[in-house]
Amino acid sequence: MPDWKNLIRERIAPLRLEATGEASLIEEVAQHLDDLYRDLRSGGASHEEAYRNTIGELDDLYPLQANLERNQRMPKHDVTEGVWRDLRYAFRTMRKAPVFTLFVVLTLALGIGANTTVFTLINTLLLNPLPVPDSAALAAVQTAEAERTAKASAPLPISYANLKDYQARNRVFLSLAGYTSPRVITWQTHGPSQRLFGELVTGNYFSTLGLIPAKGRFFLPEEDSTPGGHAVAVLNYGTWQTVFGGADDIVGKPLRINNVVFTVVGVAPPKFIGVNAVFGPDVWMPATMAEQLLPNEMQSALSDRAKAIFVGVGRLKPGVSRAQAQANVAAIAADLAREDPAANDGHTATVSPIREAIFGGNGSTFAPILFASAVLLIVVGIVLLIACSNVANLLLARSAARQQEMAVRLAMGASRSRLVRQLLTESVLLGLLSGILGMCFGYAGLRLLLGTLPGTANFMTPKLDATVLAFALIVSMATGFIFGVIPAFRSSRANVTEALKEEARTTGGSRRKVTLASALLVGQVAFSFLLLVTAALFLRSIGRAYDIDPGFQTKHLAVFMTNPGPAGYAKPQTKAFYKDVRERVARLPGVESVSWATNLPLWGRTVNGLQVEGRQARSQADKITTIVNTVDLDYFETAGVVIDRGREFANIDQEAAAPVAIVNEKLARDYWPNGEALGKRIRLPGEPQMRQIVGIARTANYSNWAEPPQLCVYLPLEQNYSDSMALYVRTKGDPEPLMNPVQREIRAAGPQILVGSPRTGREIVDNGLFQAKIVVTLLTVFGLLALGLASIGLYGILAYSVNRRKREIGLRMALGATQGSVLGLILRQGMSLVLTGVLIGFAAALLIGRLLSRMLYGVSASDPISVAGAALMLLAVALLACYLPARGASRVDPLVALREE
Amino acid sequence: MPPTPPGQEWKKGSAELLVLSLLEDQPRHGYDISKLIQIRSGGALRFHVTSLYPLLHRLEKQGLIEGLWVEKADQRRRRYYKLTPQGIAELRSKQQSWKDFVAVVNRVTGIEHA
């Protein structure tokens, strides 16, 4: 029985009747046509004849229009009524095919979710990282090397004295403030000390940014004037909430930091973590407190122009461009270089957009982050496109089923644009539903991603704000449009007479649809293969990375950071503490040797300006950059760094004795390629005397796992006192059981001293490989997502093709084809697509692998195990996706299939 | 506006009378009405659904007939129409004027005496 209601609805749609009256009229007329059709049929008419006569009743619409005009025609709301009608119709269509709808919504939601997650991160980090009013008018002022000011030489911090001069002399900023990067400070409570992060800022810092305190006040001008005079602090909102439980009476509370009692005067507004994108301080303190807070080697930072720790942040005067500001600041820098050449010669100043300073005060990390974001966005964009193309495939498949419906509607006088609008409404609605679900997925993904970060108050919190919502909305609607538009135009082009003749359905007339869908599918398989191979390569490379020799031992190593200086220890006390700890820990059973060093493994600090005797630096840019590590006796044995030639530091290397140093092989070879480095002399920047090289140590990894060789200079602790050092412990067996006893001994030696980052050698390697692991995780997640989507697409396209070829298959089987041969036929069809995709993906993987080879440890980009593994996995999943429809085909009952039409 | 085919003019004027007359003895649904008109006229008079239902709705709006959805077992629900008291009065007056009209026409054309 034909669906009279739909036919009538379509037919009278142009009359635009008011909804309630229309529904009743349609039902009544449908009943009428139904009665008429039955009467005609029972009178002996064929289906076609009865159908034609019944439909003929609707031929002349004029009376309907003329007579209803007076009472029931709607006044004006044409457009909204039309949209509303389309929506209702779309909902009805979706209800009729719930499995299809669920499939589509799930597929798209995965794609949209991935995009929302990535966009939220980008939105938080790049688009909107600084929650202050009018951040566009803010600019960062930093030092740069004079030769290369124009282009991206990494900007350096400014010294406090220079900052003061820039403040006083510039004519381009409304106000210019300064801040340091977050530094570890020791918060001394009644119980064990806790680690917090603090930033020193100038008194006008908060007013320059234009912030209003959440509680209390910010710094007063006089609190920025006398060094050491005003121990006041402003708390991070998140820290106030978590560490201090959001206590109402926080303002006025004392806070003992690095042995100085500060008074909390205010709380910063929520979400503000300083001029930092990812990680900010718990507490801000006036720059004038530098001497009390900084480690001893930096304590002259307020007066010494060579000690640069501040980054300037200024609010430009209205109408002043950044270029003008740059010119003005550079002129001041030139004056400063003339006035104090010792500290400032060869340096100028740069004014850069504040967002560049947000990613680390020195060292331009902005570009790599931008690059990573772009790559991530492209990957998730492709995943979404895959989802779209799958859904388009499903819709194309379905449009065959709906061809008759469309043809009838066209025959009934529906306009083509009307049908396209209707179909697009359906797909955009699907897109929106998926968008809602996708937002939920995106939020879950974000939680998951953040789970990998330490959840302390001074980390950025991703913002699910209006921008993200708008993004998800636009993506969903665009998605609906993209996957809907081709099938919609295809369907509306239905050939009326052909489609109405029902036989037309089973001929293989839509080759082009299948070709397009197959091409999309091959692309998908290639892309998922590429992602899987890359993930496998990284995974294998991480496995290999653990076997790489970093130049120090990791198996029986544990390290502990301590800061006696900031805890208020003077030099003799600190020295006693170091000695005491060494003796206490050495007595612990299972400990083989103990030593101190300033650098944690893979956290090497570089120093610029090493001088080598007999070598003249040609220019400022020609300075030698080297890692400097101050170490105690027995360091080399404890850390497992081999001394190749010469000797280790010994008791004779006292403060008063001749200054000595040990250099690494790389330094020795680079500067004394033919001769012996032993006995030669070097000078570190800021040191009055040359140091004699007494030993040559094997080159190790200092900053990153498997890094290219760097220069390194070791100094004896006695000749280069430091008040913050890391304890290195070499154990006989597994270091894990000793972690707690060692910390107990350190606390026993210095109850006020904070023990930070206790780590075993294994954990050090894990941390060193952290980035690579994140890459593997992301690649695996997206690779599996893409594989899942491609399998869905493969299944859809084969199921559709089996459905269309039912008659042919039935015929084959009637003529004697076995179930096995039919199964093989369909499997071949599917797997040939998959193999094509794998081959293309393999070619792409070889190309990408070349780009990645620098990031891979000991694994070639065409590593057979990775490629074979990814291929096996993909083929297995694809085989399953092909098998289901193929099995369906092999079970076609020839009798049923041939009778069906 | 499409021209009204000849013959329709007559139908238009008499349509209301026809429908009201058919509802005089019992309530009927739309299909029933259209079938009766066709059968009783020997096929000479036919109402398409596009004319019939707007007419029914207009009569209902004028208060001459009343439509009611009725559900019977094993059937789709149908809308039955019955005459209102006002409709009975209107039918009487229309029947009277039709008789008068036919009589006048007959007298003028001389059919009665032919």
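Residues numbered from 1 in each chain as written. Chains lettered and ligands numbered in written order. Predicted model: local features only at pLDDT ≥ 70, side-chain atom pairs only at ≥ 80, totals over all residues.

## What about the overall build of chain A?
Within chain A, the secondary structure is distributed over 29 helices and 23 strands. For chain A, the proportion of its 901 residues judged to be buried stands at 44%. Here the contacts in chain A between residues at least 6 apart in sequence split such that 83% fall between residues at least 24 apart. (Helix = DSSP H or I, 4+ residues; strand = E, 2+ residues; numbered from the N terminus. Buried ≥ 20, exposed ≤ 12 C-beta atoms within 10 Å, placed from the backbone. Contact = placed C-beta atoms within 7 Å.)

## Side note on the overall build of chain B
If you tally the helices and strands in chain B, you get 4 helices and 3 strands. Seen in sequence order, chain B has helices and strands lined up from the N terminus as α-β-α-α-β-β-α. Contacts in chain B between residues far apart in sequence, at least 24 positions, make up 45% of those at least 6 positions apart.

## Considerations on the interface of chain B and chain A
Where interface size is quoted, it is often the accessible area lost as the parts come together. Taken together, the contact pairs 15 residues of chain B with 17 residues of chain A. Sorting the residues of the side of chain B that touches chain A by element identifies helix 2 (30-40), helix 3 (49-61) and strand 3 (78-83) of chain B as the ones contributing at least two each. With 8 residues, helix 3 of chain B is the largest single contributor of residues to the side of chain B that touches chain A. Classifying every residue of the side of chain B that touches chain A gives 6 nonpolar, 4 polar and 5 charged. (Nonpolar A, V, L, I, M, F, W, Y, C, P; charged D, E, K, R; others polar.)

## As for the pairing of strand 21 (residues 712-716) of chain A
All names here are of chain A. The element strand 21 is largely enclosed, with a buried count of 5 among its 5 residues. Where burial is concerned, the two faces of strand 21 agree: the one with Cys712, Tyr714 and Pro716 and the one with Val713 and Leu715 are both buried. Looking at chain direction, strand 16 (residues 624-631) and strand 21 are connected through 5 bridges and run parallel. Bridge pairing links threonine 630 to leucine 715 in strand 21. Looking at chain direction, strand 18 (residues 660-664) and strand 21 are connected through 2 bridges and run antiparallel. Each residue of the ladder has a partner; that of valine 663, found in strand 21, is valine 713. (Pairing = 2+ DSSP bridges.)

## A word on the nonpolar core
All names here are of chain A. Ala233, Val383, Ala786 and Leu794 are the most contacted members of the largest nonpolar core, which has 155 residues in total. Once residues within four sequence positions are removed from consideration, valine 383 is found in contact with Gly111, Ala114, Phe782, Leu785 and Ala786. Counting 57 residues, the second-largest nonpolar core is a separate cluster that includes Tyr578, Val581, Cys712 and Ala749. (Core = buried A, V, L, I, M, F, W, Y, C linked by C-beta atoms within 7 Å.)

## Regarding the confidence of the model for chain A
When pLDDT is averaged along chain A, the result is 81, and 88% of the positions lie at 70 or above. When the criterion is pLDDT under 50, residues 148-152 of chain A qualifies, and its contacts beyond four places in sequence or with other chains add up to 5 contacts. (pLDDT = per-residue confidence, 0-100.)

## What to know about the confidence of the model for chain B
Residues and elements named next belong to chain B. For chain B, the mean per-residue pLDDT works out to 80, and 85% of the residues sit at or above 70. When pLDDT is averaged over each element of chain B, strand 1 (residues 28-29) comes out on top at 90 and helix 1 (residues 8-22) at the bottom at 73. For residues 1-9, every residue scores under 50 in pLDDT, and the model assigns this stretch 2 contacts once sequence neighbours within four places are set aside. Among the prediction metrics, the complex's ipTM stands at 0.84, with pTM recorded as 0.59.

## What to know about the environment of phenylalanine 244 of chain A
Residues and elements named next belong to chain A. By the element assignment, phenylalanine 244 lies in the loop between helix 9 (237-242) and strand 8 (254-257). Looking at phenylalanine 244, the number of C-beta atoms within 10 Å reads 16, which means it is partly exposed. If near-sequence neighbours (up to four positions away) are discounted, phenylalanine 244 is found in contact with Thr239 and Ile250.

## Overview of helix 28 (residues 864-890) of chain A
All names here are of chain A. Spanning 27 residues, helix 28 covers 36 Å between terminal C-alpha atoms, matching the ideal 39 Å at 1.5 Å per step. At tyrosine 883, helix 28 shows its maximal bend, which comes to roughly 25 degrees, and the proline proline 885 appears one to four places after that position. Among the residues making up helix 28, those that are buried are Ser866, Val867, Ala870, Ala871, Leu874, Ala878, Ala881, Cys882, Pro885, Ala886, Ala889 and Ser890. (Expected span 1.5 Å × (residues − 1). Bend = angle between axes of the 7 residues up to and from the residue.)

## Observations concerning the sheet that holds strand 2 (residues 65-70) of chain B
All names here are of chain B. Ordered in space as 1-3-2, the 3 strands form an open sheet in which the pairing is antiparallel. The open sheet has two free edges, formed respectively by strand 1 and strand 2, since each of these has just one partner strand. Note: strand 1 against strand 3, 2 bridges, orientation antiparallel. Its bridge partner being in strand 3, arginine 28 is matched across the sheet by tyrosine 81.

## Looking at the pairing of strand 1 (residues 138-145) of chain A
Residues and elements named next belong to chain A. Of all 8 residues in strand 1, 7 are buried; the element is thus mostly enclosed. Pairing of strand 1 with strand 11 (residues 308-316) involves 4 bridges; the strand directions are antiparallel. The partner of valine 141 across the bridge, within strand 11, is glycine 312. Note that strand 1 and strand 12 (residues 347-353) share 7 bridges and pair antiparallel. Note that in strand 12 the partner of alanine 140 across the bridge is serine 352.

## Comments concerning the packing of helix 6 (residues 98-127) of chain A against helix 16 (residues 416-450) of chain A
Two numbers describe a pair of packed helices, the interaxial angle and the distance between the axes. Residues and elements named next belong to chain A. For the pair helix 6 and helix 16, the least separation of the axes is 6 Å and the interaxial angle reads 50 degrees. For the element pair helix 6 / helix 16, the angle class is oblique. Helix 6 and helix 16 meet at a crossing whose hand is right-handed. Its residues placed into classes, the contact of helix 6 with helix 16 shows 14 nonpolar, 10 polar and no charged. (Axes fitted to C-alpha atoms, helices over the stretch in contact; angles between N-to-C directions. Parallel < 35°, antiparallel > 145°, perpendicular 65-115°, else oblique. Left-handed = near helix turned anticlockwise from the far one by under 90°.)

## Overview of helix 26 (residues 806-814) of chain A
Residue and element names in this part refer to chain A. Those residues of helix 26 that sit buried are Lys806, Ile809, Gly810 and Met813. Each buried residue of helix 26 lies within a common arc of 100 degrees when the element is viewed along its axis, so the set occupies one face. Downstream of helix 26 by a residue or two, glycine 816 has a phi angle that is positive, lying close to 115 degrees. (Arc of directions from axis to C-beta.)

## Notes on the packing of helix 20 (residues 571-587) of chain A against helix 23 (residues 739-749) of chain A
Residue and element names in this part refer to chain A. At a closest axis distance of 9 Å, the pairing of helix 20 and helix 23 adopts a crossing angle of 145 degrees. Along this stretch, helix 20 crosses helix 23, giving a crossing that reads as right-handed. Contacts between helix 20 and helix 23 pair Phe577, Asp580, Val581, Arg584 and Val585 from the former with Val742, Glu745, Ile746, Ala748 and Ala749 from the latter.

## Quick notes on the environment of leucine 846 of chain A
Residue and element names in this part refer to chain A. Checked against the element boundaries, leucine 846 lands in helix 27 (residues 819-852). A C-alpha to C-alpha distance of 9.7 Å links leucine 846 and threonine 534, two positions 312 residues apart in sequence. Setting aside its immediate chain neighbours within four residues, leucine 846 contacts Ala861 and Ser862.

## Section: unusual backbone geometry
Negative phi is the rule for most residues except glycine; trans is the rule for most peptide bonds. One non-glycine residue, asparagine 258 of chain A, adopts positive backbone phi at about 45 degrees. Relative to the helices and strands, asparagine 258 of chain A is located in the loop between strand 8 and strand 9 (260-267).

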